[in-house]
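Coordinate analysis (summary)
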Amino acid sequence: MSVVSLAFSQNGNLRERCEIGSVRLSRGEVDYDEGAVVPVGDWRPLSTREVQWLQAKPGTPESTQVELLHQPLPVTHTAEDLHAAAADLYPFASRWPADFLGCATNPADARTTTEDPATGRRLGLHVDNWDRLPSGARHEGRRRLCLNLGPGTRYLLLGDRDIEELFRAVRPDPEQRYPHTDDVRRYVVQGRPLQCLRIRLGPGDGYIAPTELLPHDGSTSGVGQPSTAAFWLGRWPAVTSHSPWRQIVSPRAPRSV
């Protein structure tokens, strides 16, 4: 079984920032794709066993890990200011190059945030395809860095199993085929087990995640303010294991939104 690997610096940090819940298929919701996989909203704290299950193990490839970071933000007042400043907030500019993908402002209290630009409907849990890697090679893709520029809190949503496992379960001949968001939906339609993690990101918090490997989305559910997120794509070492970068590992945050 292939599960998400969370390389947080401390188990306590993982427990305080992360919750888990179930998913369902969207039916008849005009703002969602028909059959999109969305969280039910029955969030609960992680158990000790789940923390052990999800925590990245020694030897886990860096390209498959999910890590948290923190970057001080400039004082800005509008979404336009945030968009203008976003590219310059890349925290690893002097060490590792990355492609800036741009940024997006999401409204308050959005269950999920990603829209299909062709239809304007939300995708729910999905996988990216920047590198267009076939089945068996998704772990080789670049990871995506997301930084929450605020002003509101937001969440990273992650399926607890990777697309390789889901793809093998729903495709009888997966070799040389490209996993797709439709395979996440087929997996759930078939009644197979999938849970959703919700990781809290305050303003200035961010994540590095293999978004071509893990079903994911953003969320501002239950948050009273909009937030802007900036995105980069690159190849980073395991940031939380490199001592020069320990200072950017996100500190413990209060539970209130």
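Refer to the structure above for everything that follows.
Residues numbered from 1 in each chain as written. Predicted model: local features only at pLDDT ≥ 70, side-chain atom pairs only at ≥ 80, totals over all residues. Heavy atoms only, no water.

**Notes on the sheet that holds strand 1 (residues 5-6)**
Overall, mixed pairing links the 6 strands, which are arranged 1-5-11-8-13-6 in an open sheet. Every interior strand has two partners, whereas the edge strands, strand 1 and strand 6 (98-106), have only one. Sheet analysis places strand 8 (residues 143-151) next to strand 13 (residues 227-234), joined by 8 bridges and oriented antiparallel. Of the residues in strand 13, the one forming a bridge with leucine 147 is alanine 230. (Pairing = 2+ DSSP bridges. Helix = DSSP H or I, 4+ residues; strand = E, 2+ residues; numbered from the N terminus.)

**Some remarks on the packing of helix 4 (residues 163-170) against helix 5 (residues 181-189)**
Running from N to C, helix 4 and helix 5 cross one another at 65 degrees; their axes reach a closest spacing of 9 Å. Handedness of the crossing formed by helix 4 with helix 5: left-handed. Judged by residue contacts, Ile163, Glu165, Leu166, Phe167, Ala169 and Val170 of helix 4 engage Asp183, Val184, Arg186 and Tyr187 from helix 5. Taken together, the residues of the contact of helix 4 with helix 5 break down into 7 nonpolar, no polar and 3 charged. (Axes fitted to C-alpha atoms, helices over the stretch in contact; angles between N-to-C directions. Left-handed = near helix turned anticlockwise from the far one by under 90°. Contact = heavy atoms within 4.5 Å. Nonpolar A, V, L, I, M, F, W, Y, C, P; charged D, E, K, R; others polar.)

**Overview of the nonpolar core**
Counting 22 residues, the largest nonpolar core has Leu6, Leu158 and Leu197 as its most contacted members. Mapped onto this core, the elements with two or more residues apiece are strand 2 (18-25), helix 2 (48-54), strand 5 (65-70), strand 9 (154-159), strand 10 (195-201), strand 11 (205-209) and strand 13. Apart from the residues within four sequence positions on either side, leucine 197 is in contact with Val4, Leu6, Cys18, Glu19, Ile20, Trp43, Leu46, Leu54, Leu156, Leu157 and Leu158. (Core = buried A, V, L, I, M, F, W, Y, C linked by side-chain atoms within 4.5 Å. Buried < 20%, exposed > 50% of the residue type's maximum accessible area, 1.4 Å probe, protein only.)

**A look at the packing of aromatic side chains**
In the structure shown here, the tally under the stated rule is 5 aromatic pairs. The interplanar angle of 35 degrees and the centroid separation of 5.7 Å between the aromatic rings of tyrosine 90 and tryptophan 232 together place this pair among those described as tilted. Highlighted residues: tyrosine 90 in the loop between helix 3 (79-85) and strand 6 and tryptophan 232 in strand 13, separated in sequence by 142 residues. Taken as a pair, tyrosine 90 and tryptophan 232 share a single burial class, namely buried. Ring geometry for phenylalanine 100 and tryptophan 232: centres 5.4 Å apart, planes at 45 degrees, overall tilted. One end of the pair, phenylalanine 100, is in strand 6; the other, tryptophan 232, is in strand 13, and 132 residues separate them in sequence. An aromatic cluster is built from Tyr90, Phe92, Trp96, Phe100, Trp232 and Trp236, whose rings are joined through pairwise contacts. Here arginine 95 stacks its cationic end above the ring of tryptophan 96, 6.0 Å away from the centre of that ring. (Phe/Tyr/Trp six-rings, centres within 6.5 Å; stacked < 30°, edge-to-face > 60°. Lys NZ or Arg CZ within 6 Å of the ring centre and 35° of its normal.)

**Quick look at the pattern of salt bridges**
A pair can form between side chains of opposite charge whenever their charged atoms are brought close. The final tally for this structure, using the stated rule, is 16 salt bridges. Notably, a salt bridge pairs aspartate 205 with arginine 17, separated by 3.2 Å at the nearest N-O pair. With aspartate 205 in strand 11 and arginine 17 in helix 1 (residues 11-17), this pair connects stretches of sequence that are 188 residues apart. Both residues of the pair, aspartate 205 and arginine 17, belong to the buried class. (Salt bridge = Lys/Arg side-chain N within 4 Å of Asp/Glu carboxyl O.)

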